[in-house]
Amino acid sequence: MAVYCVGDVQGCDGALRRLMDEIGFSASRDHLYLLGDLVNRGPNSTAVLRRCVCAEGSISVILGNHDLHLLARYYGVRKSSRRDTIDQVIQAPDVDALMAWLRQQPLARQIAFQDGPLLMVHAGVLPQWTAQKTLDLAQEVHAVLADAKACRSFIEQMYGNQPDRWSDKLKGKDRLRAIVNALTRLRFCSADGRMDFESSENADKAPPGLMPWFEVPGRKSADTTIAFGHWSTLGLQDRANILALDTGCVWGGCLSAMRFGLRKADREVIQVPCEAAQKPG
């Protein structure tokens, strides 16, 4: 049995299929974890969703910002943006079933290995959060999204950059929005956890006063290995406790997977090249 974490697919079903062929994926033996942004900007988001639904039990996912955007489009909360390629999903005959499945997916997962846990998020973890707190806060959002009536109401209030700092005193929509923004949008933040949502540059080009979330001194989740996607300009990062796996599949980079054995330390990277579905800029 092997466990795989896979970076942002973003509707590139052909690349996902080639990756599964490359690793010799067996649904009865292996488990694939997709780190969010299953859909959008690539050519076949519908096929990606259907593949995940059909393989549920051997493919698990977490939600990214593009997946939440799809739900917002489905509910009529957001309009199509210039680079959207998800109209095909909205118009699919099985869209209701696909969206019912999508909103049941969490914003974070954790799996155990012999040498400790692996926490999976789409974007980042605020420096004030431990791994367990991250899972607990993600569950708060998951419970709302999984409830059909509460889901639509929350998505109508989900967008916005405030509050940009975490406080345990946050309540209601502000609390849920802060959790979503950290887990699905975060790249840079300040030492005290103020989130930035403007820059998507490489980690070496941090705006003044900011740093990559995983480099904040004293980060409370530093004792847990974290796998994430979302940050294509960061590129592949394979460090002791940080695994960044968004390698720009939709931009003509690679689709990357990390294969694990019984221990997190027993791992290797597998990549397949992808044709560009979008041009940067």
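Calculation criteria
Residues numbered from 1 in each chain as written. Predicted model: local features only at pLDDT ≥ 70, side-chain atom pairs only at ≥ 80, totals over all residues. Heavy atoms only, no water. Pairing = 2+ DSSP bridges. Helix = DSSP H or I, 4+ residues; strand = E, 2+ residues; numbered from the N terminus. Contact = heavy atoms within 4.5 Å. Axes fitted to C-alpha atoms, helices over the stretch in contact; angles between N-to-C directions. 1 Å grid on protein atoms, 1.4 Å probe; cavity = no way out; pocket = protein on both sides within 12 Å on 5 of 7 lines; lining within 4 Å. Points joined across faces, edges and corners; volume = space filled by probe spheres on them. Nonpolar A, V, L, I, M, F, W, Y, C, P; charged D, E, K, R; others polar. Salt bridge = Lys/Arg side-chain N within 4 Å of Asp/Glu carboxyl O. Buried < 20%, exposed > 50% of the residue type's maximum accessible area, 1.4 Å probe, protein only. Parallel < 35°, antiparallel > 145°, perpendicular 65-115°, else oblique. Expected span 1.5 Å × (residues − 1). Lys, Arg positive; Asp, Glu negative; His and termini not counted.

Colleague: Describe in detail the sheet that holds strand E9 (residues 225-228), supporting the description with residues and values.
Modeller: In spatial order, the strands read E4-E5-E9-E11-E10; together these 5 strands make up an open sheet with mixed pairing. Lying at the two open borders of the sheet, with one neighbouring strand each, are strand E4 (108-113) and strand E10 (237-238). Two elements, E4 and strand E5 (residues 116-121), share 6 bridges in a ladder whose sense is antiparallel. The residue of E5 that forms the bridge with Ala108 is Val121. Strands E4 and E5 of the sheet are contacted by helix H6 (residues 131-146), whose axis makes an angle of about 140° with E4.

Colleague: Quick rundown of the layout of surface pockets? Include the residues and the values.
Modeller: When its volume is computed, the largest pocket comes out at roughly 920 Å³. Residue lining of the largest pocket: 34 residues in total, with Arg41, Asn65, His66, Arg187 and His230 positioned closest to the centre. For the lining of the largest pocket, the secondary-structure elements that each account for two or more residues are helix H3 (65-74) and helix H8 (172-185). Classifying every residue of the lining of the largest pocket by side-chain character gives 7 nonpolar, 14 polar and 13 charged.

Colleague: So what about the pattern of salt bridges? Which residues, and what values?
Modeller: All told, the structure shown has 15 salt bridges when counted by the stated rule. The salt bridge involving Glu215 is made with Arg239; its shortest N-O contact spans 3.8 Å. With Glu215 in the loop between strand E8 (211-212) and E9 and Arg239 in the loop between E10 and strand E11 (242-244), this residue pair connects regions lying 24 residues apart in the sequence. With relative accessibility at 40%, the residue Glu215 sits in the partly exposed group. A salt bridge links Asp238 to Arg267, with the nearest nitrogen and oxygen atoms 2.8 Å apart. Here Asp238 is found in strand E10, whereas its partner Arg267 is found in strand E13 (residues 267-273), with 29 residues between them in sequence. Residue Asp238 is classed as partly exposed on the basis of its relative accessible area, which comes to 41%.

Colleague: Mind laying out the sheet that holds strand E6 (residues 188-189), listing which residues take part and the relevant values?
Modeller: Adjacent strands of a sheet pair through backbone hydrogen bonds, lying either parallel or antiparallel. Across the sheet, 3 strands lie side by side as E7-E6-E8; this open sheet has antiparallel pairing. Each having just a single partner strand, strand E7 (195-196) and E8 make up the two edges of the open sheet. Note that E6 and E7 share 2 bridges and pair antiparallel. Residue pairing across strands places Cys189 opposite Met195, the latter belonging to E7.

Colleague: Provide a residue-level description of the packing of helix H1 (residues 13-22) against helix H2 (residues 45-54), including the pertinent values.
Modeller: When two helices pack together, their arrangement is given by the angle between the helix axes and by the axis-to-axis distance. Following both chains from N to C, one finds H1 and H2 inclined at 40°, their axes separated by 8 Å at the closest point. The angle between the axes of H1 and H2 places the two elements in the oblique class. Taken together, the residues of H2 that come into contact with H1 (itself represented by Asp13, Leu16, Arg17 and Met20) are Ala47, Val48 and Arg51. Looking at the contact of H1 with H2 residue by residue, the classes come out as 4 nonpolar, no polar and 3 charged.

Colleague: Can you explain the pairing of E9? Please cite residues and give values.
Modeller: In E9, alternate side chains face the same way, and those of Thr225 and Ala227 on one face and Ile226 and Phe228 on the other are all buried. Sheet analysis places E5 next to E9, joined by 3 bridges and oriented parallel. Residue pairing across strands places Met120 opposite Ala227, the latter belonging to E9.

Colleague: How would you sum up H8? Please name residues and give values.
Modeller: The end-to-end C-alpha separation of H8 is 19 Å, in line with the 20 Å expected for 14 residues at 1.5 Å each. Burial within H8 is extensive, with 10 of its 14 residues counted as buried. Inspection of H8 places Arg175, Leu176, Arg177, Ala178, Ile179, Val180, Asn181, Ala182, Leu183 and Thr184 among the buried residues, and these make up the whole buried set. Each element contacted by the buried residues of H8 is listed here: H3, E5, H6, helix H7 (148-155) and E7.

Colleague: Lay out the environment of Trp231 in plain terms, naming residues and giving numbers.
Modeller: For Trp231, the location among the structural elements is in the loop between E9 and E10. It is 23 Å that separates the C-alpha atoms of Trp231 and Gln132, two residues lying 99 residues apart in sequence. Ignoring sequence-local partners within four residues, the contact set of Trp231 consists of Arg187, Phe188, Ser200, Glu201, Asn202, Ala203, Pro212, Phe214 and Asp246.

Colleague: Kindly report on the side chain of Arg219, identifying the contributing residues and their values.
Modeller: Its place among the elements puts Arg219 in the loop between E8 and E9. Although Arg219 is buried, it makes no salt bridge; Asp223 carries the closest opposite charge, 7.1 Å away.

Colleague: An account of H6 is requested, with residue identities and associated values reported.
Modeller: Note: α-helices contain 3.6 residues per turn, so residues at a spacing of three or four share the same orientation. For H6, built from 16 residues, the straight-helix expectation of 22 Å at 1.5 Å per residue is met to within 8% by its first-to-last C-alpha distance of 22 Å. All of the buried residues in H6 are Ala131, Thr134, Leu135, Leu137, Ala138, Val141, His142, Val144 and Leu145. Elements that come into contact with the buried residues of H6 comprise H3, E4, E5, H7 and H8.

Purely spatial values, then, with no claim about function.
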